[in-house]
Amino acid sequence: MIPFNKPYLTGREQGHIARVLDNRKFSGDGEFTKKCQLWFEERYGFKKTLLTTSCTDALEMCAILLDIQAGDEVIVPSYTFVSTANAFVLRGAVIRFADSLADNPNVDPEQIAALITPRTKAIVIVHYAGVACDMDRIMALSTHHNIPVVEDAAQAIESFHNGRPLGSFGALSTFSFHETKNVQCGEGGLLAINDEKLIRRAEIIREKGTNRSSFFRGEVDKYGWTDIGSSFLPSDLLAGFLLAQLESIDHIQSERIRVWQRYWTHFNGAALQHRVQLPVIPAYATNNAHMFYFTCSDLQQRSTLLAALKAQNIMAVFHYQSLHESPYYANRHDGRILAHCDRFTDCLIRLPFFPELTNEQIDEISRTVISVLKS
Ligand SMILES: *Cc1c(COP(=O)(O)O)cnc(C)c1O
């Protein structure tokens with residue numbers, strides 16, 4: 001059986017975890033948490049980063065930090081993971097769902113422009129498959145209307161827009177280290193804070209609403225409850241695991257790029273243009289090889305393909321069910337039709353993707369896909 005995902009281990013996770021055990025400091029903000037945060041700040045130039053228990057939690061922190069109140073409007077792509085929207089719904093926000101582009105699942109900036117009202121408090125974007133959204137246009141809208149951008153960069157580690165790291169554009173951005181992501185520790189996340197004015201409060205929100213971080217830096221002589229917050233910091237054991245992965249990012253990425261390029265060579269060479277839509281990487285974007293997906297011509301073709309792959313023990317999968325049509329949000333949505341999101345919901349398929357996928361396996365998967373598509 002070829003699984004859809006097989007989380008990668010570098011071999012150094014155990015050593016780092018053993019060291020945390022020796023340290024006898026297992027709670028958050030220990031040696032490895034600090035090392036992971038420094039790694040992100042140095043490599044990508046983020047002003048401040050905070051390790052969190054998940055990307056979902058980092059997004060919930062964003063909603064608190066931006067003071068989202070009941071009835072505030074937040075613009076969110078519909079073709080995304082539930083947490084991108086749910087984090088803001090928890091604060092009472094009204095979600096205005098934006099459609100995707102025609103040629104890839106990233107949000108259409110013109111859709112964002114059309115949804116901005118005096119009540120819009122945040123623009124949330126997702127770099128789908130680690131491929132950058134059109135940040136020039138999106139940041140121009142943000143500046144012009146003075147509305148902060150949150151980048152859900154869960155899939156976007158080590159990816160760039162015109163040379164600038166994803167996660168460095170928004171006032172806030174979030175990453176995921178769930179075991180399905182390029183760099184992982186089972187469950188984990190990171191909040192990157194690019195707007196300096198938000199750093200102090202972010203530390204407090206992450207520490208249950210207390211100024212404990214200032215206390216440990218010796219800035220105040222006692223700590224107490226100063227704001228709302230929750231428990232968003234992970235154990236240093238997880239940070240030890242994560243640091244091993246970060247130290248191996250170049251190797252992980254080169255293996256993932258090998259897998260992506262080999263799929264691409266098969267499919268691009270197979271003259272499939274009239275049968276499926278292959279992934280598009282805009283000129284301003286890099287490809288961090290988070291996944292290999294393509295878009296079938298209809299639901300029927302995708303179902304046939306998924307079944308044929310499963311019969312060969314190849315675990316391909318579809319992806320998001322657009323949030324504007326979800327059981328929870330459908331009757332709250334404003335009724336607009338989001339045709340591109342609907343098409344990606346029905347037609348997008350993802351192939352097995354992980355660093356240890358062998359060239360022979362990629363060739364076998366590709367042959368099966370191409371023969372089904374051409375039959
Ligand atoms: C994986 C993912 C998340 C959630 O990440 P967790 O760390 O599991 O909370 C959020 N948004 C997007 C776009 C994702 O791909």
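Every value quoted in this text rests on a predicted model; they were computed, and no experiment measured them. (Residues numbered from 1 in each chain as written. Predicted model: local features only at pLDDT ≥ 70, side-chain atom pairs only at ≥ 80, totals over all residues. Heavy atoms only, no water.)

## With respect to the environment of Lys-310
For Lys-310, the location among the structural elements is in helix α11 (residues 299-311). In this structure, the C-alpha to C-alpha distance between Lys-310 and Ile-2, residues 308 residues apart in sequence, is 9.5 Å. (Helix = DSSP H or I, 4+ residues; strand = E, 2+ residues; numbered from the N terminus.)

## What to know about the domain arrangement of the protein
Under the domain assignment used here, the protein contains domain 1 (13-245) and domain 2 (249-374). One C-alpha centre belongs to domain 1, the other to domain 2; they are set 26 Å apart. For the domain 1 and domain 2 pair, buried surface summed over both sides reaches about 3400 Å², with 56% attributable to carbon and sulfur atoms. Taken as a group, Tyr-79, Phe-97 and Asn-182 account for 21% of the area that domain 1 buries against domain 2, more than any other trio of residues on that side. (Domains from an automatic or database assignment. Buried area = accessible area lost by both parts, 1.4 Å probe.)

## Describing helix α3 (residues 55-65)
Across the 11 residues of α3, 10 count as buried, placing the element largely inside the fold. For α3, the complete set of buried residues consists of Cys-55, Asp-57, Ala-58, Leu-59, Glu-60, Met-61, Cys-62, Ala-63, Ile-64 and Leu-65. Those residues of α3 that are buried are in contact with β1 (48-52), α4 (82-89), β5 (149-152), β8 (172-176), β9 (189-193) and α7 (199-206). Residue Ser-54 occupies the N-cap position of α3, its side-chain oxygen lying 3.4 Å from the main-chain nitrogen of Thr-56. Backbone geometry just after α3 places Asp-67 at a positive phi near 55°. (Buried < 20%, exposed > 50% of the residue type's maximum accessible area, 1.4 Å probe, protein only. Contact = heavy atoms within 4.5 Å. Polar contact = N/O pair within 3.5 Å; in protein donor to acceptor, adjacent residues only side chain to side chain.)

## Looking at the sheet that holds strand β2 (residues 73-77)
Read from one edge of the open sheet, seven strands run β1-β9-β8-β5-β4-β2-β3, paired in mixed fashion. Sheet topology places β1 and β3 (94-98) at the edges, where each strand pairs with a single neighbour. Averaged over all pairs of adjacent strands, the angle between their axes in this sheet comes to 20°, without regard to strand direction. Inspection of the sheet shows β1 paired to β9 by five bridges, in the antiparallel sense. Of the residues in β9, the one forming a bridge with Leu-51 is Leu-190. (Pairing = 2+ DSSP bridges. Axes fitted to C-alpha atoms, helices over the stretch in contact; angles between N-to-C directions.)

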